[in-house]
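Here is how the chains run, residue by residue.
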Amino acid sequence: MGLLDALLGRSKPVRPDLDRLFGLPSAAITLQAGAGFVPTGTGSVCFASVEGGAFGTLRQEVRELLDADREGAPVEYSQDTYGYTWLLVRHAPEDTASLVNDLHAVNTLLQDAGFGPQLLCSLAVFRATADPRVLALVYLYKRGTFYPFAPLPDGTERRDNALELQVRALLADDLRIEPDLGRWFPVWGAPGLGGSR
């Protein structure tokens, strides 16, 4: 960044720090102890699809890498109503570390192949132990930050803002939380969130 950029108020974009995803296992322990939410074992990566053979080949490589050591459900791809591609990964609920490793691997493969600008977010899903609520911890690739997304369990596209703010305060020591609430985008219908569309 040069002097002119500083004078004009322009800033360099934050370089993504994918290693921040490795904070999710400790955040899972904090969430369970402080809010009664446990991991579901599901997580996903969202990216803008690109046409072309190189991206198609990379997509297949991602599937083969993640399916290679899997005994259960394979990696699943889906598209949302906005045209974004979601890759859903499943693990045993108690194996948050393996889930995070897979999410990190997908992000790294896409970034290293030059598709970093297409990466939007990754998320890990949690469920309440006492009621039907779900919660996602969303990692914003371009910001290097997390935020909680808590859809109401009634099937409407409304959020539990009080829970989101509670989780923000609870996880302040575990994850780098996105300070700009305007960037806490809803991820309605994200794979793994169950019936909360």
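Draft legend 1. Structural context of the packing of helix 2 (residues 24-35) against helix 5 (residues 161-170). Relative orientation of the contacting elements helix 2 and helix 5 amounts to 120°, with a least axis distance of 10 Å. Classed by the angle they form, the pair helix 2 and helix 5 counts as oblique. Between helix 2 and helix 5 lies a crossing of right-handed hand. Across from Thr30, Leu31, Gly34 and Ala35 in helix 2, the residues of helix 5 making contact are Gln166, Val167 and Leu170. Here the residues of the contact of helix 2 with helix 5 are counted per class, giving four nonpolar, three polar and no charged.

Draft legend 2. Highlighting the packing of aromatic side chains. Scanning all chains against the criterion turns up three aromatic pairs. Both rings, one in Phe149 and one in Trp188, keep their centres 5.1 Å apart while their planes meet at 75°; by these two values the pair is edge-to-face. Note that Phe149 is positioned in strand 6 (residues 145-149) and Trp188 in the segment after helix 5, a separation of 39 residues in sequence. Among the residues examined, Phe149 registers a relative accessible area of 0% and is labelled buried.

Draft legend 3. Inspection of the pairing of strand 1 (residues 37-48) at higher detail. In terms of burial, strand 1 is a largely internal element, 10 of the 12 residues being buried. Of the pairings in the sheet, the one linking strand 1 to strand 4 (residues 119-128) comprises eight bridges and is antiparallel in character. Paired with Pro39 across the two strands is Phe126, which belongs to strand 4. Bridging between strand 1 and strand 3 (residues 84-90) involves seven bridges; their strand directions are antiparallel. If you follow Thr42 over to strand 3, its bridge partner there is Arg90.

Draft legend 4. Region of the structure containing the pattern of salt bridges. Applying the stated criterion to the full structure yields seven salt bridges. For Glu76, the salt bridge identified is with Arg90, shortest N-O distance 2.3 Å. In this pair, Glu76 sits in strand 2 (residues 76-79) while Arg90 sits in strand 3, placing the two residues 14 residues apart along the sequence. Residue classification places Glu76 among the partly exposed positions, given a relative accessible area of 32%. A salt bridge links Arg133 to Asp131, with the nearest nitrogen and oxygen atoms 2.9 Å apart.

Thresholds applied
- Each chain carries its own residue numbering, running from 1 in the written order of its sequence.
- The predicted nature of this model means local features are confined to residues of pLDDT at least 70 and side-chain atom pairs, given and counted, to a pLDDT of 80 or more, with totals for whole chains, interfaces and linings taken over all residues.
- As a convention, hydrogens and water are excluded, and side-chain values are obtained from all of the structure's heavy atoms.
- Here the axes come from fitting lines to C-alpha atoms, over the contacting stretch only for helices, and the angles between their N-to-C directions go from 0 to 180 degrees.
- We count a stretch as a helix when DSSP gives it H or I for four or more residues in a row; a strand needs E for two or more, and each element gets its number in order from the N terminus.
- Roughly parallel covers angles under 35 degrees, roughly antiparallel covers those over 145, roughly perpendicular covers 65 to 115, and oblique covers all other angles.
- Crossing handedness: left-handed means the near helix sits turned counterclockwise from the far one by under a right angle, and right-handed means the same turn made clockwise.
- Throughout, a contact is declared for two residues whenever any of their heavy atoms are within 4.5 Å.
- Amino acids are sorted into nonpolar (Ala, Val, Leu, Ile, Met, Phe, Trp, Tyr, Cys and Pro), charged (Asp, Glu, Lys and Arg) and polar (every other residue, Gly among them).
- Note on ring pairs: Phe, Tyr and Trp rings are taken, using the six-membered ring of Trp, and paired if centres are within 6.5 Å. Classes follow the plane angle, with under 30 degrees stacked, over 60 edge-to-face and the rest tilted.
- Summary of the burial criterion: residues with accessible area below 20% of their type's maximum are buried, those above 50% are exposed, and those between are partly exposed, where the area comes from a 1.4 Å probe applied to protein chains only.
- Strands were regarded as paired on the criterion that DSSP finds at least two bridges between them.
- Salt bridge, as used here: a side-chain nitrogen of Lys or Arg that lies within 4 Å of a carboxyl oxygen of Asp or Glu.

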